[in-house]
Amino acid sequence: MMHQLSKPEQWLDLYGDILYRYGYARLRNPDAAEDLVQETLLAALRARDRYAGQASEQTWLIGILKHKIIDHFRKISKESSQDYDNGAAIEGEDEFFDEKGNWQHDVSSWSKPDKSLEQSQFFDVLQRCIERLPPKSAQLFVLREIDGVDAEEICVAMSITSNNFWVMMSRTRVRLRHCLDLNWFNA
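So, here's what we can say about the structure. (Residues numbered from 1 in each chain as written. Predicted model: local features only at pLDDT ≥ 70, side-chain atom pairs only at ≥ 80, totals over all residues. Heavy atoms only, no water.)

### A few points about unusual backbone geometry
Next, step 1: In this structure, Arg28 takes a positive phi of about 55 degrees despite not being glycine.
Next, step 2: Among the residues examined, Arg28 registers a relative accessible area of 26% and is labelled partly exposed.
Next, step 3: Of note, the phi angle at Ser159 is positive, near 50 degrees, even though the residue is not glycine.
Next, step 4: If you trace the backbone, Ser159 turns up in the loop between helix H7 (151–158) and helix H8 (162–185).
Next, step 5: For Ser159, a relative accessible area of 40% puts it in the partly exposed group. (Buried < 20%, exposed > 50% of the residue type's maximum accessible area, 1.4 Å probe, protein only. Helix = DSSP H or I, 4+ residues; strand = E, 2+ residues; numbered from the N terminus.)

### Description of the state of the cysteines
Working definition of a disulfide: a covalent bond connecting the sulfur atoms of two cysteines.
Next, step 1: Counted according to the given criterion, the structure contains 1 disulfide.
Next, step 2: With its sulfur 2.1 Å from that of its partner, Cys129 forms a disulfide with Cys179. Its S-S torsion of about -80 degrees marks the bond between Cys129 and Cys179 as left-handed, since a negative value means left-handed. In this pair, Cys129 sits in helix H5 (residues 120–132) while Cys179 sits in helix H8, placing the two residues 50 residues apart along the sequence. (Disulfide = S-S within 2.5 Å.)

### Comments concerning the pattern of salt bridges
Next, step 1: Counted according to the given criterion, the structure contains 4 salt bridges.
Next, step 2: One salt bridge in this structure joins Arg26 and Asp147, with 2.8 Å as the shortest N-O distance. Of this pair, Arg26 sits in helix H1 (residues 8–27) while Asp147 is found in the loop between helix H6 (135–146) and H7, placing the two residues 121 residues apart along the sequence.
Next, step 3: Of the residues examined, Asp147 reaches a relative accessible area of 13% and is grouped as buried.
Next, step 4: Here Arg177 and Asp181 are joined by a salt bridge, their closest N and O atoms 3.7 Å apart. Placement of both Arg177 and Asp181 in helix H8 is noted, with a separation of 4 residues, approximately one turn of the helix. (Salt bridge = Lys/Arg side-chain N within 4 Å of Asp/Glu carboxyl O.)

### Points about a negative patch on the surface
Next, step 1: On the surface, Asp31, Glu34, Asp35 and Glu39 cluster together into a patch of negative charge.
Next, step 2: Locating Glu39 in the fold gives a position in helix H2 (residues 30–47).
Next, step 3: Taking the relative accessible area as the measure of exposure, Glu39 reaches 38% and is therefore partly exposed. (Patch = residues over 30% accessible without salt bridge, like charges linked within 9 Å, V, L, I, M, F, W, Y side chains within 5 Å. Areas by Shrake-Rupley, 256 points an atom, 1.4 Å probe, with all protein chains shown as cover. Lys, Arg positive; Asp, Glu negative; His and termini not counted. Charge placed at Lys NZ, Arg CZ, Asp CG, Glu CD.)

So, in structure tokens, the structure goes:
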């Protein structure tokens, strides 16, 4: 199915809120989210002649925004010499993950995610748990697990090593598991 573009002057009214929410959820910074939405709309305006119509207009705009967010992380990581974790393990962390960062054990209350995922309350709790994470950890988790960005691309965008990426992901998963255990599974 081929999709048609609406008039560019309608994009902000049609998609501004969706784009802002998408950007804010990943950046956790209202000013940066607004700026990237504006940059997205300008980039879309410049690229509208190349729009092939294979995806919906909203999906196309979110795709542009996703790339703008990755570029934003790349830019801020170059501008600041952010001190990332040095790779030291969290006590007891090894019991949760194998050397590739996968869960070692089936957590019984997590073994039926389809049921939980169908419930919007779960997403509310998950979002609150993500918001409690340190900003870099939240950004890393959202890019990897929600947006499906490749680990190598995240490492480049955030100027971190592969080892730091996996350490941060491991720690983030432990924190999220703990938060979800307290606020969802055992609530």
